[in-house]
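Structure at a glance
One-letter residues, chain by chain:
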Amino acid sequence: MMKNTQTGYGLVAILLHWIMVLAIFGMFGLGLYMVELTYYDSWYHGSLETHKAIGVLVALVFVVRFGWRQLNPSPAGLSTKKLENTAAHFAHLGLYLVIAVLLVSGYLISTADGRAVDVFGLFSVPATLTERGSQEEIAGEVHEILAWLLMAMVAVHALAALKHHVINKDNTLKRMLKPGL
Ligand code: HEM
Ligand code: HEM
C-alpha cells in the first residue's frame, strides 16, 4: 500500500511524515543550541554547517512530500463535524506553508553574504539573492519567529491527534501509523 486512498494514508506519506517530524524536532533543538555557542566552542562552526546541510536535505524531502501529496488523494477527515474536517485541512496547509517559509528564510540567512550552502561535501546550493541591506538580520528574525510558531502549531496538531485517539477513539492517529486503514 504505497499510495493514499480516500480513507487512509499509504506507506510513502506515512514514512515522509515521520521522517520530517524527527528532522524538524532535531533541527529545532540544534538551532537553539548552536546560537548559544561562542566562537571558542569547538562545535561552533560544525553545528551551523550541520544545521544548514540537514536543512537542505529537509527541503528536498519537503518538495518530494508536497509533490507526492498532489499526486495522491488526501484522506477525508474522520470528524463527524464538517467544520472540524475543514479546519484540519487548512491547519495542514498552514503547517506546509510555515515549513516552506522557514526553509527559505534559513537559506536566505546562510547565503546573504554570497556563499553557497555546502551539503556534507556532496553538493552545494548556490546563493541567489545576496545581501540587500539587512537580508541576514530580517531573514534571521523571520526564521526564529517561524521556528517557534511551527512548534506551537505542531503542539496543537499533536494534541488534536491524541484527542481523536483517546476521546473520539477513531482511526485518525492509527492511520498515520499503519498504511491502508
Ligand atoms: C527544519 C527546518 C528548520 C528548523 C526547525 C530550524 C530551526 C532553527 C532555530 C530554532 C534556530 C535558532 C534561532 C535563534 O534562536 O536565533 C535556527 C537558526 C539558524 N538556522 Fe535554522 N532551522 C531550519 C532550517 C534551516 C535551513 C534550511 C537553513 C539554511 C540552509 C537554516 C539556517 C539557519 C541559520 C544560518 C541559523 C543561525 C541564525 C543566527 O545566527 O541568528 N535553518 N534555525
Ligand atoms: C514536526 C512535527 C509535525 C509536523 C510538521 C506535522 C505535519 C503534518 C502534516 C503537514 C500533515 C498532513 C498530511 C497530509 O495530508 O499531507 C500531518 C498529518 C498528521 N499528523 Fe502530523 N506533524 C507533526 C507531528 C505529529 C505528531 C507528533 C503527531 C502525533 C502525536 C502527528 C499526527 C498526525 C496525524 C494523526 C495526521 C493525520 C491527520 C488526518 O488524518 O487528518 N503529527 N502532520
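Everything discussed here concerns the structure shown above.
Please read these numbers as outputs of a predicted model, since none were measured by experiment.

Section: the packing of aromatic side chains
All told, the structure shown has seven aromatic pairs when counted by the stated rule. Here the aromatic rings of F62 and F66 are separated by 6.2 Å at their centres, their planes lie at 5°, and the arrangement is stacked. With a gap of four residues between them, F62 and F66 both fall in helix 2 (residues 44–71), about one helical turn apart. A residue is classified by how much of its surface remains accessible, and F62, at 11% relative accessible area, is buried. With 6.1 Å between their ring centres and 65° between their planes, F62 and Y96 make a pair best called edge-to-face. Here Y96 lies in helix 3 (residues 82–110) and F62 lies in helix 2, a separation of 34 residues in the sequence.

Details of the site of ligand 1
In the vicinity of ligand 1 there are 20 residues, among which M34, H51, G106, S110 and H143 approach most closely. H143 has a polar side-chain atom sitting 2.8 Å from a nitrogen atom of ligand 1. Residue composition of the shell around ligand 1, by class: 12 nonpolar, six polar and two charged.

Regarding the coordination of the iron atom of ligand 1
In the first shell of the iron atom of ligand 1, the protein supplies H51 (NE2) and H143 (NE2), at 2.0 Å from the metal. Accessibility expressed as a relative area gives 12% for H51, which makes it buried.

Some details on the site of ligand 2
Around ligand 2, a shell composed of 20 residues is seen, among which H17, R69, Y96, H157 and R175 lie nearest. Between ligand 2 and R69, the relevant distance is 2.6 Å, taken from an oxygen atom to a side-chain nitrogen or oxygen of the residue. Take Y96: an N or O atom from its side chain is 2.6 Å from an oxygen atom of ligand 2. Its atoms largely coinciding with the cavity grid, ligand 2 occupies the largest pocket. Of all the secondary structure elements, the ones that give two or more residues to the shell around ligand 2 are helix 1 (11–34), helix 2, helix 3 and helix 4 (135–168). Classifying every residue of the shell around ligand 2 gives 13 nonpolar, four polar and three charged.

Looking at the coordination of the iron atom of ligand 2
Around the iron atom of ligand 2, the protein contributes the donor atoms H17 (NE2) and H157 (NE2), at 2.0 Å from the metal centre. Taken together, the six donor atoms surrounding the iron atom of ligand 2 define angles of 88 to 179° at the centre, an arrangement classified as octahedral. Here H17 is found in helix 1, whereas its partner H157 is found in helix 4, with 140 residues between them in sequence. The exposure class of H157 is partly exposed, given its relative accessible area of 29%.

Overview of the packing of helix 1 against helix 2
The interhelical angle for the contact between helix 1 and helix 2, taken along N-to-C directions, is 155°, at an axis separation of 10 Å. Taken together, the axis directions place helix 1 and helix 2 in an arrangement best described as roughly antiparallel. Pair helix 1 / helix 2 crosses with left-handed handedness. Across the interface between the two elements, V12, A13, L16, H17, M20, A23, M27, L30, G31 and M34 from helix 1 touch S47, L48, T50, H51, I54, G55, V58, V61, F62, V64, R65 and W68 from helix 2. Partitioned by chemical class, the residues of the contact of helix 1 with helix 2 number 15 nonpolar, six polar and one charged.

Some remarks on the pattern of salt bridges
In this structure the tally under the stated criterion is three salt bridges. Put simply, E49 and K52 hold a salt bridge, and the shortest N to O gap is 3.4 Å. Taken as a pair, E49 and K52 lie in helix 2 at a separation of three residues, close to a single helical turn. Look at E49 and you get partly exposed, because its relative accessible area is 25%.

A word on a nonpolar patch on the surface
A cluster of nonpolar residues, L57, L60, F120, L122 and F123, forms a patch on the protein surface that exposes about 490 Å² of accessible area. Mapped onto the elements, L122 comes out in the loop between strand 1 (117–119) and strand 2 (123–125).

Cut-offs used in this document
- Residues numbered from 1 in each chain as written.
- Chains lettered and ligands numbered in written order.
- Predicted model: local features only at pLDDT ≥ 70, side-chain atom pairs only at ≥ 80, totals over all residues.
- Heavy atoms only, no water.
- Phe/Tyr/Trp six-rings, centres within 6.5 Å; stacked < 30°, edge-to-face > 60°.
- Helix = DSSP H or I, 4+ residues; strand = E, 2+ residues; numbered from the N terminus.
- Buried < 20%, exposed > 50% of the residue type's maximum accessible area, 1.4 Å probe, protein only.
- Near = heavy atom within 4 Å.
- Polar contact = N/O pair within 3.5 Å; in protein donor to acceptor, adjacent residues only side chain to side chain.
- Nonpolar A, V, L, I, M, F, W, Y, C, P; charged D, E, K, R; others polar.
- Donors = N, O, S within 2.8 Å, 3.2 Å for Na, K, Ca; no water.
- 1 Å grid on protein atoms, 1.4 Å probe; cavity = no way out; pocket = protein on both sides within 12 Å on 5 of 7 lines; lining within 4 Å.
- Sits in = over half its atoms within 2 Å of the grid points.
- Tetrahedral: all angles 85-135°; square planar, octahedral: opposite > 155°, others 65-115°.
- Axes fitted to C-alpha atoms, helices over the stretch in contact; angles between N-to-C directions.
- Parallel < 35°, antiparallel > 145°, perpendicular 65-115°, else oblique.
- Left-handed = near helix turned anticlockwise from the far one by under 90°.
- Contact = heavy atoms within 4.5 Å.
- Salt bridge = Lys/Arg side-chain N within 4 Å of Asp/Glu carboxyl O.
- Patch = residues over 30% accessible without salt bridge, like charges linked within 9 Å, V, L, I, M, F, W, Y side chains within 5 Å.
- Areas by Shrake-Rupley, 256 points an atom, 1.4 Å probe, with all protein chains shown as cover.

Taken by themselves, the reported measurements are silent on function.
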